[in-house]
Amino acid sequence: MERWYTINHNDVISKLNSKIGGLTEDEVKIRLEKNGYNKLKEVKKKSMFSKFLEQFKNVMIIVLIIAALLSAVLSFLENEPLTDTIIILVVIMLNAILGILQESKAEKAIEALKSMSLPYIKVKRNGKISSVKVEELVVGDIVLIEAGDYIPADMRIIECHSLKVEEATLTGESVPVDKSVYTLNVTKDIALGDRLNMLYSGSSAVYGRAEGVVVAIGMDTELGKIAEAISGIESEETPLQKKMRELSKMLSVIVVVIAVVMFLVGIFQGKPIIDVFMLAIALAVAAIPEGLAAVITITLAIGVQKMAKEKSIIRKLSAVEALGSTEVICSDKTGTLTQNKMTVKRIFVDNRQIDVSDESSLKELSIDTFSKIFTLCNDTVSGENNGYKVLLGDPTETALISFGEKLNIDKDQYEKIYKRVEEIPFDSTRKMMTTVNEVDGKYMICSKGATEAVISNCRYILIDGEVKELTDSIRNDILAQNLRLAKDAFRVLSFAYKIDESKLILDNEDDMKKLETDLIFAGMTGMIDPPRPEAKDAVKQCFEAGMIPIMITGDNIDTATAIAMELGILTDKSQAVIGIDVDKMSDEELIEKVENIRVYARVSPENKIRIIKAWKKIGKTVAMTGDGVNDAPALKGADIGIGMGITGTEVSKSVSSIILADDNFSTIVVAVKEGRRIYNNIQNVIVYLLASNLAEVLIIFIATLMNRTLLLPIQILWINLVTDTIPAIALGFEKGQPDIMKQKPRKKAEKFFNPFLVSRITVPAILKVIIIFLVYFFVEGTEGAIIASESVFVTLATIEILFSFICRSDRNSILKIGIFSNIYMVICVVSTLIVQYAILMFPVTRQWLKVEIMPIELYGFLVVVALTAVILFEVVKLTLAKIFLSKEK
């Protein structure tokens with residue numbers, strides 16, 4: 001690709017077969033036909049039907065569909081109602097609908113990128129200036145840029161008048177860049193932020209004006225490369241999605257294996273084929289937790305509602321859990337860790353430097369003249385936004401006015417008294433800006449700019465209200481102060497003035513130069529984009545939670561290092577590198593060094609993606625925060641993309657999994673805590689549901705071997721969908737453990753079904769099976785097989801409902817966490833028990849569930865059995881926790 005910034009602007013025009021007066025309409029037409037329009041490629045969206053079909057790719061759902069079809073065929077052959085088939089299909093459809101409702105909206109990234117351009121822009125064509133649609137720009141067009149314009153294409157500057165461009169969305173640097181027309185004499189590629197004679201699509205002009213020749217349009221621009229990178233990165237499954245997919249496969253394999261075994265056993269026992277198929281359907285219904293997907297979705301939704309109150313907007317439900325397992329947070333600096341607002345922090349006045357937060361020292365200084373200079377030599381204007389006053393202009397200038405307002409200085413009032421009659425705009429050669437303000441027949445010349453430039457034009461200095469000679473000693477001290485501020489990452493501006501009582505004559509360039517000679521040095525300001533007040537504590541909490549915060553920014557390394565040191569991200573400056581250093585590393589070298597680097601400065605979008613991939617390559621779960629266009633590829637490539645709601649571009653928000661509504665880095669800590677709580681609750685839900693399903697499978701399997709029928713498919717569906725699912729939802733309301741943010745994050749490679757979790761499922765399931773068969777044989781001996789089967793249904797349903805209390809914690813007893821600490825659980829358990837026993841009272845529901853009326857005293861016996869079982873499960877839980885969790889201490 002051509003490095004236009006290394007070529008003289010006149011040569012660039014020649015190479016592009018253009019001219020200063022612009023292209024002709026015929027030339028434009030030819031180039032449009034050849035290169036196409038200045039717009040980004042559109043992505044084909046998935047139809048609603050396609051999304052609906054995707055919901056059925058789950059292996060468990062496929063097994064249920066097969067079971068429903070077999071049930072329908074058998075019901076037809078036996079001339080029986082399609083009750084079982086209808087219920088299974090209803091469950092499948094409900095899961096599909098829930099899936100569609102919770103899916104993120106269709107990809108918006110490309111459309112958002114396109115919307116950043118203005119519809120019209122001024123260009124030179126046929127030697128005249130005209131407005132054309134942005135999409136009709138072609139390579140070689142001469143474009144006119146003014147303050148406030150968005151840059152519509154990549155351009156080489158051919159004429160520049162004090163132009164400053166905000167490139168934060170592309171480079172991450174908060175301070176507008178001074179542009180120039182001069183050719184850069186470099187022999188190798190340099191960072192986008194250092195290409196001072198180039199303008200890039202997606203950035204915006206904040207000051208001055210310029211002309212540029214278009215060198216790239218559409219997908220060939222730097223913005224287009226980002227769009228290409230976004231479309232080229234596939235969204236990865238989060239850890240929870242992967243584990244649920246593994247669970248689906250595992251359960252499906254279990255169903256198939258046991259179904260085959262049961263089929264063979266049925267044939268060996270001489271049962272009719274139809275009966276054998278009915279057993280297989282019962283097994284499928286028993287083995288698959290039909291309500292699991294819905295309960296997990298609801299559990300996540302509960303967390304989402306809670307997080308919304310804490311200013312975290314969740315775009316992808318499963319990302320909540322994944323955030324809880326995050327080990328590395330790669331964060332943009334500007335607007336994320338910092339306020340994205342330049343602020344005056346230090347001033348050097350009366351030949352001494354103070355921190356502006358030191359009000360007592362500030363009062364001792366003679367700052368009247370100093371404040372007049374930075375107020376008058378300033379192009380900030382007041383505006384209004386939603387009824388509130390806002391300052392509009394260059395961020396460094398608005399920072400000065402904000403500082404002045406704290407000193408009770410009214411810029412509008414000053415300008416009425418000191419009327420501006422002349423000005424010399426800032427340019428990169430002089431590195432100064434000067435204004436001339438008239439008051440009472442006198443002229444106050446105010447200058448500001450780089451310290452070296454200002455002080456070279458000064459002959460005197462203002463100290464304690466007195467004008468004194470600027471000696472070499474004082475001059476050197478000022479330069480030393482400037483250097484110290486610069487090393488501390490402050491943006492330094494110096495100020496000078498003089499009073500001219502003679503008539504102002506500005507007939508030529510020499511007269512203008514005289515304005516900036518023999519000035520009186522008044523002081524310096526050191527300003528910085530400061531860290532958010534809460535960011536330091538948030539960083540500390542990240543470390544306590546076992547996470548590593550990484551700063552990735554387009555800003556210079558001195559500023560990045562200073563902010564990172566202040567926040568506690570960085571402890572050693574050797575842990576900071578620049579993007580060019582990353583470019584020099586091979587993928588293998590970056591993977592080897594990535595754990596020892598905490599700050600990346602002057603990075604490109606490609607650098608960010610490589611850094612994310614390096615962390616992921618060593619097995620870390622990575623979250624990326626950001627707000628600019630330049631962050632979008634990394635946001636999408638990370639395990640969890642965290643966008644900023646206020647300052648974030650539509651691009652970054654469209655590819656993010658989570659959006660922080662308040663742009664507050666500390667909100668991430670809340671999200672992490674909530675993610676961990678949700679993960680624990682989901683584990684408890686899975687233990688609760690799978691222990692039930694495993695018990696059902698074992699009951700059906702063993703009963704088949706014994707040539708008995710203990711549970712019917714419709715009864716299993718009732719237990720799975722009603723008596724299990726409702727209490728399972730209440731588990732989603734459990735509070736997190738007190739020390740949850742002191743625990744290490746889960747490893748990406750950690751097995752979801754670890755030995756502790758498996759034991760929590762299998763041991764209670766086996767105990768349930770033993771209890772159910774004991775009940776069956778006891779009742780069979782006194783009441784017969786039919787009542788015995790019904791007693792199994794009632795006992796198992798009651799045990800399952802009460803077992804939900806045991807699953808509220810994996811380590812603490814129900815008495816310790818409090819029976820009524822989760823009021824939703826109490827309500828769900830009581831209401832489900834009422835429903836469970838109510839259905840046994842009505843003929844219609846009894847016929848539907850195929851149960852008979854039992855003796856009243858038998859109900860009492862079964863309740864006592866269920867309560868005894870629950871006490872046994874509590875003892876087992878505490879024993880298992882003592883065995884497995886003691887190893888973690």
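Described below are features of the structure shown in this document.

**Describing the nonpolar core**
Grouped together as the largest cluster of nonpolar side chains are 145 residues, with contacts concentrated most on I478, F521 and F793. Broken down by element, the residue count for this core peaks at 19 residues, all from helix α28 (residues 667-705). Leaving out residues up to four positions away in the same chain, I478 has contacts with F348, T451, I455, I461, L470, F521 and M524. A153, M198, V213 and I226 belong to the second largest nonpolar core, which has 39 residues in total.

**Focus on the sheet that holds strand β25 (residues 640-644)**
Consider a sheet: its strands pair through backbone hydrogen bonds, and that pairing is either parallel or antiparallel. Spatially, eight strands are ordered β8-β26-β25-β24-β9-β21-β23-β22 in an open sheet, and the strand pairing comes out mixed. The sheet is open, and its two edges are formed by β8 (312-314) and β22 (576-578), each paired on a single side. Strand-to-strand, the axes of this sheet are offset by a mean angle of 20°, without reference to chain direction. Looking at chain direction, strand β9 (residues 328-332) and strand β24 (residues 622-626) are connected through four bridges and run parallel. Paired with C330 across the two strands is M624, which belongs to β24. Contacts from helix α25 (residues 605-617) reach β9, β21 (548-552), β23 (599-601) and β24, with the element oriented near 160° to β24.

**Details of the pattern of salt bridges**
In the structure shown here, the tally under the stated rule is 29 salt bridges. With a shortest N-O distance of 2.6 Å, K448 and E397 are connected by a salt bridge. Here the residue K448 occupies a position in strand β16 (residues 442-449), and E397 occupies one in helix α16 (residues 395-406), the gap between them amounting to 51 residues. With respect to class, K448 is no different from E397; both count as buried. D810 is paired through a salt bridge with R811; the nearest N and O atoms lie 2.9 Å apart. Judged by its relative accessible area of 10%, D810 is buried. Each member of the salt-bridge network shares a partner with another, and the members are R195, E222 and K225.

**Description of helix α22 (residues 557-567)**
Within α22, burial applies to T559, A560, T561, I563, A564 and L567. Its side-chain oxygen 3.1 Å from the backbone nitrogen of D558, N556 forms the N-cap of α22. Just past α22, the residue G568 takes up positive phi, approximately 95°.

**Considerations on the packing of helix α31 (residues 755-783) against helix α36 (residues 856-885)**
At a minimum axis separation of 10 Å, α31 and α36 run at an interaxial angle of 155°. Taken together, α31 and α36 sit at an angle that is classed as roughly antiparallel. With respect to the hand of their crossing, α31 and α36 are arranged in right-handed fashion. Here P755, F756, S759, R760, V763, P764, L767, K768, I771, V775, F778 and V779 of α31 come into contact with α36, specifically with L858, F861, L862, V865, A869, L872, F873, V876, L880, A881, F884 and L885. Each residue belonging to the contact of α31 with α36 can be placed in one class, and the counts come to 21 nonpolar, one polar and two charged.

**A word on the packing of α28 against helix α32 (residues 785-806)**
Closest axis-to-axis distance for the α28/α32 pair is 10 Å, and the angle between their directions is 160°. Taken together, α28 and α32 sit at an angle that is classed as roughly antiparallel. Crossing of α28 against α32: the hand is right-handed. In this structure, α28 uses V687, Y688, A691, S692, E696 and I699 to contact α32, whose residues at the interface are L796, E800, I801, F803 and S804. Looking at the contact of α28 with α32 residue by residue, the class counts come to seven nonpolar, two polar and two charged.

**Side note on helix α29 (residues 713-723)**
Most of α29 is tucked away, with 10 of its 11 residues classed as buried. Three or more residues of α29 are buried, namely P713, I714, Q715, I716, L717, W718, I719, N720, V722 and T723.

**A short note on the pairing of strand β7 (residues 204-216)**
Burial within β7 is extensive, with 10 of its 13 residues counted as buried. The pairing of strand β3 (residues 142-146) with β7 spans five bridges and is antiparallel. Counted as the bridge partner of L144 is E211 from β7. In the sheet, strand β4 (residues 154-166) pairs with β7 via 10 bridges, with the strands oriented antiparallel.

**Topic: a nonpolar patch on the surface**
On the surface, a nonpolar cluster with roughly 580 Å² of combined accessible area is contributed by V256, V260, F263, L264, I267, I273 and F277. For the nonpolar patch, the secondary-structure elements that each account for two or more residues are α9 (239-268) and α10 (273-287). At five residues, the largest contribution of residues to the nonpolar patch is made by α9. Mapped onto the secondary structure, F277 falls in helix α10. Here F277 falls in the partly exposed class, since its relative accessible area comes to 31%.

Cut-off values and rules
- Residues numbered from 1 in each chain as written.
- Predicted model: local features only at pLDDT ≥ 70, side-chain atom pairs only at ≥ 80, totals over all residues.
- Heavy atoms only, no water.
- Core = buried A, V, L, I, M, F, W, Y, C linked by side-chain atoms within 4.5 Å.
- Buried < 20%, exposed > 50% of the residue type's maximum accessible area, 1.4 Å probe, protein only.
- Helix = DSSP H or I, 4+ residues; strand = E, 2+ residues; numbered from the N terminus.
- Contact = heavy atoms within 4.5 Å.
- Pairing = 2+ DSSP bridges.
- Axes fitted to C-alpha atoms, helices over the stretch in contact; angles between N-to-C directions.
- Salt bridge = Lys/Arg side-chain N within 4 Å of Asp/Glu carboxyl O.
- Polar contact = N/O pair within 3.5 Å; in protein donor to acceptor, adjacent residues only side chain to side chain.
- Parallel < 35°, antiparallel > 145°, perpendicular 65-115°, else oblique.
- Left-handed = near helix turned anticlockwise from the far one by under 90°.
- Nonpolar A, V, L, I, M, F, W, Y, C, P; charged D, E, K, R; others polar.
- Patch = residues over 30% accessible without salt bridge, like charges linked within 9 Å, V, L, I, M, F, W, Y side chains within 5 Å.
- Areas by Shrake-Rupley, 256 points an atom, 1.4 Å probe, with all protein chains shown as cover.

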